[in-house]
Amino acid sequence: MTEQSFAAQKAATFCGQLLLESGAEIYRVEETVTLILSSNQLTDVSVLAFPTGFFYSFRDENDAPIGEVVRTKVRTTDLGRVSRVNAISRDITTGAITAEDALPLLEQEKKRPARPVYMDLLASAISASGLSVLFGANVFDFLGAFLCGVTESALGLLFGRDNVSKSIYLMVSGALCAVIASLLVFLSPLFNRTPIIVGAIMPLLPGLAITNAIRDTVTGDLVSGMARLADALLQAVALAAGVAVVLALWH
Amino acid sequence: MNIPKLLICFLASCVGSAGFGLLFKVEKRTLPPGALIGGCSFLAYDLLVLSGYSPVLGAFAGGLVIGILSDVTARLFRTPSVVFATMGLIPLVPGYNLFQTMELFVQGDSAGGLAACMETLLIAGALALSLGFSTVLTRLIRKKRI
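Residues numbered from 1 in each chain as written. Chains lettered and ligands numbered in written order. Predicted model: local features only at pLDDT ≥ 70, side-chain atom pairs only at ≥ 80, totals over all residues.

Colleague: How do you make sense of the overall build of chain A when you look at a structure like this?
Modeller: Check the secondary structure of chain A and you find 10 helices and 3 strands. For chain A, the N- to C-terminal ordering of α and β elements is α-α-β-β-β-α-α-α-α-α-α-α-α. Once the C-alpha set of chain A is aligned to its principal axes, its extents read approximately 75 × 35 × 25 Å. Relative to its full complement of 251 residues, chain A shows a buried share of 49%. Looking at chain A alone, contacts between residues at least 24 apart form 65% of all its contacts between residues at least 6 apart. (Helix = DSSP H or I, 4+ residues; strand = E, 2+ residues; numbered from the N terminus. Buried ≥ 20, exposed ≤ 12 C-beta atoms within 10 Å, placed from the backbone. Contact = placed C-beta atoms within 7 Å.)

Listed below in structure tokens is the structure:
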């Protein structure tokens, strides 16, 4: 393989991995890898991506078949990263930068420092409290949902990015939000339980997962679509179970 | 129709969408359009529900609004449409119905709980379908890669 093909292969793997780990759709991963490879004069490119990894094969200048398997272990949602990697891959495809020049940029994107913790807490609090207004929250419920949002995000940082604990995390944080809401209602009649709990669980519901599942299914990635749908349902059930346990105990 | 209440709901869903976008670390330049899409989708849903149509139809209309607006914005901002769709979707996620389902089951009202559960699934299905529908539409007319 020439230097250029080698750089293209590295860039394709890198881009695909970053996209898949950050919550991009399957077709975006497949399309990105295909376009990066074929825009660098590599032929017969086939890519197969799943939520847990992807593999691809192509032929180099000497018609020798080459393949690579990439297993991804982390599955987070970082839509900013999806946009940035997409921009880099577009530049490689259009020839604005070479694959070799893109590698340091991708490395930089991978090592991008995490933002301060208070931003995470604030984001989920804003989301929860803003949405609670849609379900008839008064000023006190708004503050209650804000508190729940901070709590669930703090709990998320505690649980970390491990996939295994995702449904446990959802269950625990659903239960915790229900406890906070019930306590507030118990302490003062100014609070209403429904808007606080609904606002608090809205950011935790697997909206993105279901959207991606359907997008994958309609674009023909049946296996990934069904896998993501099952994942989404499991998350929703875990969250509902957490809240329901507290409601039943409190009843 | 209660205009001030609609306006408050519009603003609240904009704020909720923006917070959700922040949570998922979207780029700063994509935050305002994403928040507006969230507001618009809830407005479409709310207008239909207030005019007496079922929430399922409202969710379908809201989903179409999200799908079309997020694809248009994706082209303008040269950013994947999933960024905008995620932010726009959050006010329509049937969290209230899910909560109602659990509450009814906990109170021992299984029939009511099943009805609420059915409605939750229908709304989620309508949302997913309308998003899929608009994805197919834009893929049909798509010429340039974003």
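Colleague: What is the right way to read helix α7 (residues 166–187) of chain A from this model?
Modeller: For an α-helix the count is 3.6 residues per turn, leaving residues at separations of three or four pointing the same way. Compared with the 32 Å implied by 1.5 Å per residue over 22 residues, the 31 Å span of α7(A) between its first and last C-alpha is a close match. Considering only its buried residues, α7(A) is in contact with α6 (139–159), α8 (193–201) and α10 (222–250) of chain A. (Expected span 1.5 Å × (residues − 1).)

Colleague: For this particular structure, what's the right way to read the pairing of strand β3 (residues 65–71) of chain A?
Modeller: Each regular strand displays side chains that alternate between the two surfaces of the sheet. Residues and elements named next belong to chain A. Little of β3 is tucked away: 0 of the 7 residues are buried. Sheet topology places strand β2 (residues 53–59) next to β3; 7 bridges connect them, and they run antiparallel. Looking at the pairing, Arg59 lines up with Pro65 of β3. Where β2 folds back onto β3 in an antiparallel hairpin, the turn is made up of 5 residues, including Asp63, whose phi is positive at roughly 70°. (Pairing = 2+ DSSP bridges.)

Colleague: What am I meant to see in the domain arrangement of chain A here?
Modeller: How large an interface is tends to be reported as the accessible area lost when its parts come together. All names here are of chain A. With domains assigned, chain A is organised as domain 1 (3–110) and domain 2 (117–250). Domain 1 and domain 2 are separated by 33 Å when their C-alpha centres are compared. With 10 residues of domain 1 at the interface, the matching set in domain 2 holds 12 residues. (Domains from an automatic or database assignment.)

Colleague: Sorry if this is basic, but what is going on with the interface of chain A and chain B here?
Modeller: Across the contact, 40 residues belong to chain A and 42 residues belong to chain B. Where the side of chain A that touches chain B is concerned, the elements lending two or more residues are α3 (79–94), α5 (117–134), α8, α9 (207–218) and α10 of chain A. When residues in the side of chain A that touches chain B are grouped by element, the largest group, 8 residues, is from α5(A). Looking at the side of chain A that touches chain B residue by residue, the classes come out as 24 nonpolar, 12 polar and 4 charged. (Nonpolar A, V, L, I, M, F, W, Y, C, P; charged D, E, K, R; others polar.)

Colleague: I tried to follow the packing of helix α5 (residues 95–106) of chain B against helix α6 (residues 110–141) of chain B on my own but got confused; where do I start?
Modeller: Residue and element names in this part refer to chain B. With their axes 8 Å apart at the nearest point, α5 and α6 run at an angle of 165° to one another. The orientation of α5 with respect to α6, classified from their angle, is roughly antiparallel. Between α5 and α6 the crossing geometry is left-handed. For the pair formed by α5 and α6, the contact residues are Asn97, Leu98, Gln100, Thr101, Leu104 and Phe105 on the first element and Ser110, Gly112, Gly113, Ala116, Cys117, Glu119, Thr120 and Ile123 on the second. For the contact of α5 with α6, the class distribution of residues is 6 nonpolar, 7 polar and 1 charged. (Axes fitted to C-alpha atoms, helices over the stretch in contact; angles between N-to-C directions. Parallel < 35°, antiparallel > 145°, perpendicular 65-115°, else oblique. Left-handed = near helix turned anticlockwise from the far one by under 90°.)

Colleague: Explanation requested: the environment of A:Gly207 in the structure shown.
Modeller: Mapped onto the elements, A:Gly207 comes out in helix α9. For the pair A:Gly207 and A:Ala232, spaced 25 residues apart in the sequence, the C-alpha separation amounts to 8.1 Å. Setting aside residues up to four positions removed in sequence, A:Gly207 forms contacts with B:Thr86, B:Leu89, B:Ile90 and B:Val93.

Colleague: What am I meant to see in the confidence of the model for chain B here?
Modeller: Any segment with low pLDDT has predicted coordinates that should not be analysed in fine detail. Residues and elements named next belong to chain B. Across chain B, the average pLDDT comes to 90, with 96% of residues at or above 70. Confidence, read as mean pLDDT per element, is least for α6 in chain B (88) and greatest for helix α2 (residues 31–50) (94). The complex prediction reports pTM at 0.88, with the ipTM value standing at 0.88. (pLDDT = per-residue confidence, 0-100.)

Colleague: Would you take a moment to explain unusual backbone geometry for this structure?
Modeller: The phi angle of most residues is negative, glycine excepted, and most peptide bonds adopt the trans form. One non-glycine residue, A:Asp63, lies in positive phi territory at about 70°. Within the secondary structure, A:Asp63 sits in the loop between β2 and β3. Among the residues examined, A:Asp63 registers 8 C-beta atoms within 10 Å and is labelled exposed. Unusually for a residue other than glycine, B:Lys25 sits at a positive phi of about 55°.

Colleague: I would appreciate a short explanation of the pairing of strand β1 (residues 43–50) of chain A in the present structure.
Modeller: All names here are of chain A. For β1 and β2, the ladder comprises 6 bridges, and the chain directions are antiparallel. Of the residues in β2, the one forming a bridge with Ala49 is Phe54. The antiparallel hairpin formed by β1 and β2 contains 2 residues in its connecting segment.

Colleague: Can you help me understand the nonpolar core in this one?
Modeller: Here is a general trend for soluble globular proteins: nonpolar side chains tend to be buried in one another's company. All names here are of chain A. Within the largest apolar cluster, 117 residues are counted, with the highest numbers of intra-cluster contacts made by Ala11, Cys15, Ile36, Ile197, Ile201, Leu239 and Val243. With 9 residues, the single largest contributor to this core is α10. Excluding residues that lie within four positions of it along the chain, Cys15 makes contacts with Thr32, Val33, Ile36, Val85, Ile88, Ser89 and Leu106. (Core = buried A, V, L, I, M, F, W, Y, C linked by C-beta atoms within 7 Å.)

Colleague: Where do I start with the sheet that holds β2(A) in this structure?
Modeller: Strand pairs in the sheet, formed through backbone hydrogen bonds, run parallel or antiparallel to each other. Residue and element names in this part refer to chain A. An order of β1-β2-β3 is seen for the 3 strands of this open sheet, with the pairing classed as antiparallel. With one partner strand each, in any of the chains shown, β1 and β3 form the two edges of the open sheet. Strand-to-strand twist in this sheet, taken as the mean axis angle between neighbours without regard to direction, amounts to 10°. Here helix α1 (residues 3–21) sits on the sheet and contacts β1, β2 and β3; the angle it forms with β3, its principal contact strand, is near 25°.

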